[in-house]
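The lines below spell out each chain.
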Amino acid sequence: MTTRVRMPRPAAAPARDPRPAPERPIETEYRPRTPIDAHRAIALQQRGTHDPAQTSTAGVIWRASRTPAGVATLAIRVERARVRAAAWGPGAEWALDQLPRLCGADDDPIGFDPHRHALVAEVHRRHADLRLGRTDLVFDALASAVFEQKVTGLQAFGAWRMILTWCGERAPGPTPRPMFAPPADWHLVPSWTWHRAGLEPPQSRTIVAAAARRASIEQAAGAASTGAERDAVFTSLPGVGVWTSAEARIRAFGDPDAVSVGDYHLAHQVGYALIGTRVDDDGMVALLEPWRGHRQRVLRLLALSGVLEPRRGPRLAPEDHRAR
């Protein structure tokens, strides 16, 4: 008598990574001279939960970027007194050299007086190690800010994810999931691809036009020594206003004084946190004036305070124009 035994179906084989096995990474460690919150400084560069260029898993921050030397992947582990990092790809050495600045090493809080307001002083007491990191990647910082013009974060981050996944370059190294560096040639992204990603024509036209002047933009912004000079560089581009310029300055240069005037919620939140009532952009600028030179630092501290204006209505429903 033959007994038939139903064997379990074999598990599906995991999708094979078509790339060659990664080479051994270059490794380094950075030991800050004073305690800094490197994890927060780096994490603020992530564009949404599903950013294909940055993610965190098992205590490691993974970053894919297009450096001046080529694409690089960074795996960063922040420990109590040091930051350990491994890097893969042609831009690995550049990324490791830049790591301290990404962690906030160039951010100097000297001259900042948190005691001008009780809330700011209290939050600063709890987060004295707050630092503003910088990527030194000017054009990609500008492009990511343009994605976020006049739309919800959900829309902006979704479009960013799609464009990088479709048009970016696969990151080297053993990333926890497929990751992608931004495109090398933003101006070659077809119009229908922008449309499929859900980015509006004004934003895609701004990025494409700016990409044609990428080298001069990066050179001029890098040579500028003040926020006002960098504003002049960025706002000379069609479609780039003061909000976009401030966001680019924050991301690329860790500008401690940048204020994103024109943000949909920021002025209301600043007014509510500092004086208990809404203000407009002019009112926000006036409230932040005592901290000129460190206004972005104050905004970061207010964001950490947990003091938020109660919602007055339903969330804005994002519009999807792709079917038109």
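Here the residue numbering is sequential within each chain, running from 1 through the sequence in written order. Totals for whole chains, interfaces and linings use every residue, but because this is a predicted model, local features are given only for residues with pLDDT of at least 70 and side-chain atom pairs only at 80 or more, for both listing and counting. Each side-chain value is derived from all of the structure's non-hydrogen atoms; neither hydrogens nor water enter the calculation.

Trainee: Any chance you could explain the packing of helix α4 (residues 138–147) against helix α8 (residues 214–223) here in plain terms?
Mentor: Two measures define how a pair of helices packs: the angle their axes make with one another and the distance between the axes. Packing of α4 against α8 leaves a shortest axis separation of 9 Å and a crossing angle of 105 degrees. Regarding the angle of α4 to α8, the classification is roughly perpendicular. Listed contacts from α8 to V138, F139 and D140 of α4 are R214, E218 and A221. Axis definition: a line fit to C-alpha positions, over the contact stretch in the case of helices; interaxial angles, taken between N-to-C directions, run 0 to 180 degrees. Elements are defined by DSSP. Helices are runs of H or I of four residues or more, strands are runs of E of two residues or more, and each kind is numbered from the N terminus. Throughout this description, any angle smaller than 35 degrees is read as roughly parallel, any larger than 145 degrees as roughly antiparallel, any in the 65 to 115 degree range as roughly perpendicular, and the remainder as oblique. The contact rule is simple, with two residues in contact once any of their heavy atoms fall within 4.5 Å.

Trainee: Looking at this model, I keep getting lost on the packing of helix α11 (residues 266–275) against helix α12 (residues 281–288). Mind explaining?
Mentor: Following both chains from N to C, one finds α11 and α12 inclined at 45 degrees, their axes separated by 9 Å at the closest point. When the axes of α11 and α12 are compared, the pair comes out oblique. Considering how the two elements wind past one another, α11 and α12 form a crossing that is left-handed. Taken together, the residues of α12 that come into contact with α11 (itself represented by L266, A267, V270, G271, L274 and I275) are D281, M284, L287 and L288. Gly is put with the polar residues, along with every residue not named as nonpolar or charged; the nonpolar set is Ala, Val, Leu, Ile, Met, Phe, Trp, Tyr, Cys and Pro, and the charged set is Asp, Glu, Lys and Arg. A per-class count over the contact of α11 with α12 returns eight nonpolar, one polar and one charged. Crossing handedness is defined as follows: a turn of the near helix away from the far one that is anticlockwise and smaller than a right angle gives a left-handed crossing, while the clockwise case is right-handed.

Trainee: Would you explain helix α2 (residues 92–103) in this entry?
Mentor: Counting along an α-helix, one turn takes 3.6 residues, and residues three or four places apart therefore face a common direction. Expected span, for any helix, means 1.5 Å times one less than how many residues it has. Look at α2: 16 Å from first C-alpha to last across twelve residues, which is about the 16 Å you get at 1.5 Å a residue. Buried, partly exposed and exposed residues are distinguished by accessible area as a fraction of the type maximum, computed with a 1.4 Å probe on protein chains only: under 20%, between the cut-offs, and over 50%, respectively. Three or more residues of α2 are buried, namely A92, A95, L96, Q98, L99, L102 and C103. Tucked inside the fold, the buried residues of α2 contact β1 (26–30), α1 (38–43), β3 (60–67), β4 (70–78) and β5 (83–88). Note on α2: the residue one or two positions beyond its end, G104, has a positive phi of about 105 degrees.

Trainee: Looking at this model, I keep getting lost on the environment of S65. Mind explaining?
Mentor: Tracing the backbone through its elements, the reader meets S65 in strand β3. The exposure class of S65 is buried, given its relative accessible area of 9%. For the pair S65 and E169, spaced 104 residues apart in sequence, the C-alpha separation works out to 9.3 Å. In this view, S65 contacts G70, V71, A72, L137, A181 and P182; residues no more than four positions away in its chain are not counted.

Trainee: Please explain the side chain of S204 as it appears in this structure.
Mentor: Residue position: S204 is located in helix α7 (residues 201–211). In contact with S204, not counting residues within four places along its chain, are W194 and L199.

Trainee: In this structure, what is going on with the packing of aromatic side chains? I would like to understand it.
Mentor: Each aromatic ring pair is summarised here by two numbers: the centre-to-centre distance and the angle between the ring planes. Any pair of Phe, Tyr and Trp rings, taking the six-membered ring for Trp, is counted once the centres come within 6.5 Å. Such a pair is stacked with planes under 30 degrees apart, edge-to-face with planes over 60 apart, and tilted for the rest. Summed over the entire model, instances satisfying the criterion amount to six aromatic pairs. A ring pair is formed by W62 and W88, whose centres lie 5.8 Å apart and whose planes are at 20 degrees; its orientation type is stacked. Here W62, found in strand β3, pairs with W88, found in strand β5; they are 26 residues apart in sequence, far enough to count as distant. Per residue, the accessibility class of W62 equals that of W88, and both read buried. A connected cluster of aromatic rings, assembled from ring pairs, spans F147, W160, W186 and W194. Working rule: Lys NZ or Arg CZ, within 6 Å of ring centre, within 35 degrees of ring normal, means a charge sits over the ring. Lying over the aromatic face of W166, R196 brings its terminal NZ or CZ to 4.2 Å of the ring centre.

Trainee: Help me understand the confidence of the model for the chain, please; the structure alone is not making it clear to me.
Mentor: The quantity called pLDDT is the predictor's confidence in a given residue, expressed from 0 to 100. Per-residue pLDDT for the chain has a mean of 92; in total, 90% of the residues score no lower than 70. Between residues 1–14, whose pLDDT stays under 50, and residues either more than four places distant or in other chains, the model counts zero contacts.

Trainee: Is there a simple way to think about the pattern of salt bridges in this case?
Mentor: Side chains that carry opposite charge are capable of pairing whenever their charged atoms lie near each other. One speaks of a salt bridge when a side-chain nitrogen belonging to Lys or Arg is within 4 Å of a carboxyl oxygen belonging to Asp or Glu. As enumerated under the stated definition, the model contains 21 salt bridges in all. The partner of E29 in a salt bridge is R31, and the shortest N-O contact between them spans 2.9 Å. Overall, E29 belongs to the partly exposed group, its relative accessible area being 38%. When the shortest N-O distance is used, the salt bridge between E247 and R251 registers 2.8 Å. Linking E247 with R251, this pair stays in helix α10 (residues 242–253), spanning four residues, or about one helical turn.

Trainee: Teacher, can you tell me more about the sheet that holds β4 here?
Mentor: The strands making up a sheet associate through hydrogen bonds between their backbones, and the pairing can be parallel or antiparallel. When DSSP finds at least two bridges between two strands, those strands are taken to pair. With antiparallel pairing, the five strands of this open sheet are ordered in space as β1-β5-β4-β3-β2. Every other strand in the sheet has two partners, leaving β1 and β2 (54–57) as the edge strands with one partner each. Each strand axis lies, on average, 20 degrees off the axis of its neighbour in the sheet, ignoring direction. With seven bridges connecting them, β3 and β4 associate as antiparallel partners. Across the sheet, T67 pairs through a bridge with G70, a residue of β4.

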